[in-house]
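Commentary on secondary and tertiary structure
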Amino acid sequence: MSTPCVNATTDPSPALEILPLDLPPDLPPDLLRARLADLIRAAVNQGTAAVAETIVRYFQALSLHPELAANLDERAAYCRGAHHWRGLAALASGRLDDNAGQVPAGVL
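Scope of this entry: the structure provided in the associated data block. Along each chain, residue indices are assigned from 1 in the same order as the chain's sequence is written. Thresholds applied to this predicted model are a pLDDT of at least 70 for local features of residues and 80 or more for the giving and counting of side-chain atom pairs; totals over whole chains, interfaces and linings are not thresholded and use all residues. Side-chain calculation: all heavy atoms of the structure are included, whereas hydrogens and water are not.

Side note on the packing of aromatic side chains
Centres within 6.5 Å are what make two rings of Phe, Tyr or Trp a pair, Trp counting through its six-membered ring; a difference in plane orientation under 30 degrees is then read as stacked, over 60 as edge-to-face, and the rest as tilted. Tallied over the entire structure, the rule returns 1 aromatic pair. Their ring planes at 45 degrees and their centres at 6.2 Å tell us that Phe59 and Tyr78 sit as a pair that is tilted. Of this pair, Phe59 sits in helix H3 (residues 49–64) while Tyr78 sits in helix H4 (residues 72–93), placing them 19 residues apart in sequence. Relative accessibility under 20% of the residue-type maximum defines a buried residue, over 50% an exposed one, and the middle range a partly exposed one, all with a 1.4 Å probe and only protein chains included. Look at Phe59 and you get buried, because its relative accessible area is 9%. The class of Tyr78 is buried, set by a relative accessible area of 11%. A helix here means a DSSP run of H or I that spans at least four residues, while a strand means a run of E at least two residues long, and both kinds are numbered starting from the N terminus.

See the structure below:
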C-alpha cells in the first residue's frame, strides 16, 4: 500500500475517503488522537504487529484529516509517526529482510 503521507500539500479529502480504516472519515481529530493514545498504550503492553498497523492507519487518518489541512507541521508529524510505527509493525511481524538495519558496504 502506498503511503498517503507522500505529499502533505495536496487536498487530503479524497485520500481520507479511500484510507482503509474501519471508521468513518468524518471523525473529529480529537477523537482520533484520543484513540491513537489508547492504541499506543496497548502497543506497549501487547507489542503485536496488528496493533502497530492500526496505529499506522490512525496516524495516516490524522495526516489526511480535512480539519488539519492548513497545519503542515502537524500533518508532517503524523506522517513521521506513521513511518515509525510502520517500521515497528514490520519488526513485530518479522517482515524485515536480513539486511535491514545494516550499514551498506563502503559507507564507513
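A look at the packing of helix H2 (residues 29–46) against H3
Lines fitted to C-alpha atoms define the axes here, with helix axes fitted over just the stretch in contact, and angles between the N-to-C directions of these axes take values from 0 to 180 degrees. As a packed pair, H2 and H3 sit with axes 9 Å apart at the nearest point and diverge in direction by 160 degrees. The angle between H2 and H3 places the two elements in the roughly antiparallel class. In this structure, the crossing between H2 and H3 has a hand that is left-handed. Across from Pro29, Leu32, Arg33, Arg35, Leu36, Leu39, Ile40, Ala42, Ala43 and Gln46 in H2, the residues of H3 making contact are Val51, Thr54, Ile55, Tyr58, Phe59, Ala61 and Leu62. The classification used treats Ala, Val, Leu, Ile, Met, Phe, Trp, Tyr, Cys and Pro as nonpolar, Asp, Glu, Lys and Arg as charged, and all other residues, Gly among them, as polar. Taken together, the residues that form the contact of H2 with H3 break down as 13 nonpolar, 2 polar and 2 charged. Just so you know how the angles are binned, under 35 degrees is roughly parallel, over 145 roughly antiparallel, 65 to 115 roughly perpendicular, and the rest oblique. Each crossing gets its handedness from the near helix: less than a right angle anticlockwise from the far helix is left-handed, clockwise is right-handed. Pairs of residues are marked as contacts when any of their non-hydrogen atoms sit within 4.5 Å.

Concerning the side chain of Arg75
Position of Arg75 among the secondary structure elements: in helix H4. A polar side-chain atom of Arg75 sits 3.2 Å from the main-chain carbonyl oxygen of Ala69. Under this definition, polar contacts are N or O atom pairs within 3.5 Å; protein pairs additionally need one hydrogen-donor-capable and one acceptor-capable atom, and for neighbouring residues in sequence, both atoms have to be side-chain atoms.

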